[in-house]
Amino acid sequence: MDSYDANADRERLTLKSRLSEITRVPPWLESLAALHAIPSRIQFAIDLCPEEVLSNIIRHGHSGESSREIVIRYQTHRDGFFTFVVEDDAPLFNPLSIPRPPVPRTLEDMSEGGQGIRLLKQSADAIEYEPMSNGNRLIITFIAPGSSRAAP
């Protein structure tokens, strides 16, 4: 007999490829933070990264095709690791292969783009990219301060 894990439904969020769908992410992340005791010290980074990734997928990967889907899954880890997996069916794109843009000096410089990937790389503790036969998988990991693997 298969056992049903009620948390599994809460640990997956499927979104349509619309910018308005991004508003569903913060409440979902808040419920995960409460369910898994995610420390508040890393919640800001956890809030920021999926939103940046989703925005890039919707704007660039799916090019406004709002019927397509994006899936975000939370993977439970022990020892202060918190991992999110984002999967899409967009053309292959490895954000880790993009060189860092220069640090913006003015607001005008910031409007040129490329800062979302910079924020992602600065905010997450580990990022992995996996091309899939039908799209992309981005694995984003955050490590709680004070865990056995956190940087001193």
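Residues numbered from 1 in each chain as written. Predicted model: local features only at pLDDT ≥ 70, side-chain atom pairs only at ≥ 80, totals over all residues. Heavy atoms only, no water.

### Some words on helix α3 (residues 40-61)
Its 22 residues place the ends of α3 31 Å apart at the C-alpha level, agreeing with the 32 Å of an ideal helix rising 1.5 Å per residue. Here α3 has its buried residues at Ile42, Ala45, Ile46, Leu48, Cys49, Pro50, Val53, Leu54, Ser55, Ile57 and Ile58. Count one or two residues on from α3 and you reach Ser63, which has phi positive near 45°. (Helix = DSSP H or I, 4+ residues; strand = E, 2+ residues; numbered from the N terminus. Expected span 1.5 Å × (residues − 1). Buried < 20%, exposed > 50% of the residue type's maximum accessible area, 1.4 Å probe, protein only.)

### Some thoughts on the packing of helix α2 (residues 25-36) against α3
Direction vectors running N to C along α2 and α3 enclose 145°, while the axes themselves pass 10 Å from each other. Crossing geometry of α2 relative to α3 is assigned as right-handed. Residue-level contacts link Val25, Pro26, Leu29 and Ala33 of α2 to Gln43, Ile46, Asp47, Pro50, Glu51 and Leu54 of α3. Of the residues contributing to the contact of α2 with α3, the split by class is seven nonpolar, one polar and two charged. (Axes fitted to C-alpha atoms, helices over the stretch in contact; angles between N-to-C directions. Left-handed = near helix turned anticlockwise from the far one by under 90°. Contact = heavy atoms within 4.5 Å. Nonpolar A, V, L, I, M, F, W, Y, C, P; charged D, E, K, R; others polar.)

### Notes on the environment of Arg10
Mapped onto the secondary structure, Arg10 falls in helix α1 (residues 6-10). Judged by relative accessible area, which is 41%, Arg10 ranks as partly exposed. Put simply, Arg10 and Trp28 are 18 residues apart on the chain and 7.8 Å apart in space, counted from C-alpha to C-alpha.

### Things to note about the sheet that holds strand β5 (residues 135-143)
The strand order across the open sheet built from five strands is β1-β2-β3-β5-β4, with neighbouring strands paired in antiparallel fashion. The strands lining the two open edges of the sheet, one partner per strand, are β1 (12-16) and β4 (126-132). For this sheet, the mean inter-axis angle between neighbouring strands, taken without regard to orientation, is 15°. Where β1 lies against strand β2 (residues 69-76), five bridges are found, and the strand directions are antiparallel. Across the sheet, the residue bridging to Lys16 is Glu69, located in β2. In this fold α2 packs onto β1, β2 and β3 (81-88), with an angle of close to 15° to the strand it touches most, β2. Each of β1, β2, β3 and β5 is contacted by α3, which is oriented at about 170° to β5, the strand it contacts most. (Pairing = 2+ DSSP bridges.)

### Focus on the nonpolar core
A general trend in soluble globular proteins is that nonpolar side chains are found buried together. By size, the foremost hydrophobic cluster in this structure holds 31 residues, and its most contacted members are Phe84, Ile140 and Phe142. Listed by contribution, the elements that provide at least two residues to this core are β1, α2, α3, β2, β3, β4 and β5. Setting aside chain neighbours within four positions, we find Phe142 in contact with Ile42, Ala45, Ile46, Cys49, Gly80, Phe81, Phe82, Phe84, Ser123, Ala124 and Asp125. (Core = buried A, V, L, I, M, F, W, Y, C linked by side-chain atoms within 4.5 Å.)

### Observations concerning the pairing of β3
Burial within β3 is extensive, with eight of its eight residues counted as buried. The alternating pattern of β3 places Phe81, Thr83, Val85 and Glu87 and Phe82, Phe84, Val86 and Asp88 on opposite faces, both of which are buried. As judged from the seven bridges shared by β2 and β3, these two strands associate in the antiparallel manner. Bridge pairing in β3 places Arg73 opposite Val85. In textbook terms, the turn of a hairpin is the stretch between consecutive antiparallel strands, and for β2 and β3 this stretch comprises four residues, one of which, Asp79, has a positive phi near 60°.

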